[in-house]
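Residues per chain are reported as follows:
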Amino acid sequence: MAAFLDLESNEDSVGAPVCTGIFMFGCELNSCSRSYTFRVSEEDEADHTLALNMVCLSEGAKDECNVVEVVGRNYHNEEIAVPVANLKLSCQPWLSLDDFHLQPPVTFRLRSGSGPVHLAGRHHIFLRRDLLDDELSEDDEEFSEEDEFSDEEELTPVKPAKKKQKS
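Residues numbered from 1 in each chain as written. Predicted model: local features only at pLDDT ≥ 70, side-chain atom pairs only at ≥ 80, totals over all residues. Heavy atoms only, no water.

1. Brief notes about the side chain of N30
Part 1 of the reasoning: Position of N30 among the secondary structure elements: in the loop between strand 1 (17-29) and strand 2 (35-38).
Part 2 of the reasoning: Judged by its relative accessible area of 18%, N30 is buried.
Part 3 of the reasoning: Beyond its immediate sequence surroundings of up to four residues, N30 is in contact with L110, S114 and P116. (Helix = DSSP H or I, 4+ residues; strand = E, 2+ residues; numbered from the N terminus. Buried < 20%, exposed > 50% of the residue type's maximum accessible area, 1.4 Å probe, protein only. Contact = heavy atoms within 4.5 Å.)

Pasting the structure below:
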């Protein structure tokens with residue numbers, strides 16, 4: 001499930017990943033919906049990471065301990081559950097997770113408390129450089145420089161407006 005993605009060690013290699021999209025992520029855990037799983041399609045060739053920024057209690061939360069845990073897989077491919085936040089309205093209603101990076105699929109679970117607890121972050125999509133180059137070369141074949149610059153579409157220069165004289 002969740003795993004860490006080391007992007008820095010692959011920067012100089014041919015297939016180094018290139019970030020092609022960053023999207024907002026958010027979910028709510030409460031007494032009715034105690035877990036949420038972030039997953040992507042298995043057919044997707046891109047690498048996905050989820051960078052968690054903040055966990056916070058929201059309106060309607062009781063003054064009780066709300067423990068949020070992340071359920072993922074370790075390097076032995078064994079499922080593990082790790083508590084990442086213990087929130088209480090009267091003393092710690094929010095917690096910064098400082099871009100805690102996870103690789104999907106990953107499940108967030110409200111281990112104790114009734115919430116509502118909001119998780120916020122960013123979903124990053126990375127393509128390997130060789131896959132990105134293949135996509136770009138296909139686009140180049142469809143679009144040539146002749147299509148971009150034609151003699152018919154020359155721009156006329158902008159002339160300054162004439163000033164009206166006061167009488």
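2. Overview of the pairing of strand 8 (residues 117-128)
Part 1 of the reasoning: Sheet topology places strand 1 next to strand 8; twelve bridges connect them, and they run antiparallel. Within strand 8, the residue paired with C27 across the bridge is L119.
Part 2 of the reasoning: In terms of strand pairing, strand 3 (residues 47-57) meets strand 8 through ten bridges, oriented antiparallel. Directly across from M54, in strand 8, lies its bridge partner A120. (Pairing = 2+ DSSP bridges.)

3. A word on the environment of I22
Part 1 of the reasoning: The residue I22 is located in strand 1 in this model.
Part 2 of the reasoning: Residues in contact with I22, not counting those within four places in the same chain, are R122, H123 and H124.

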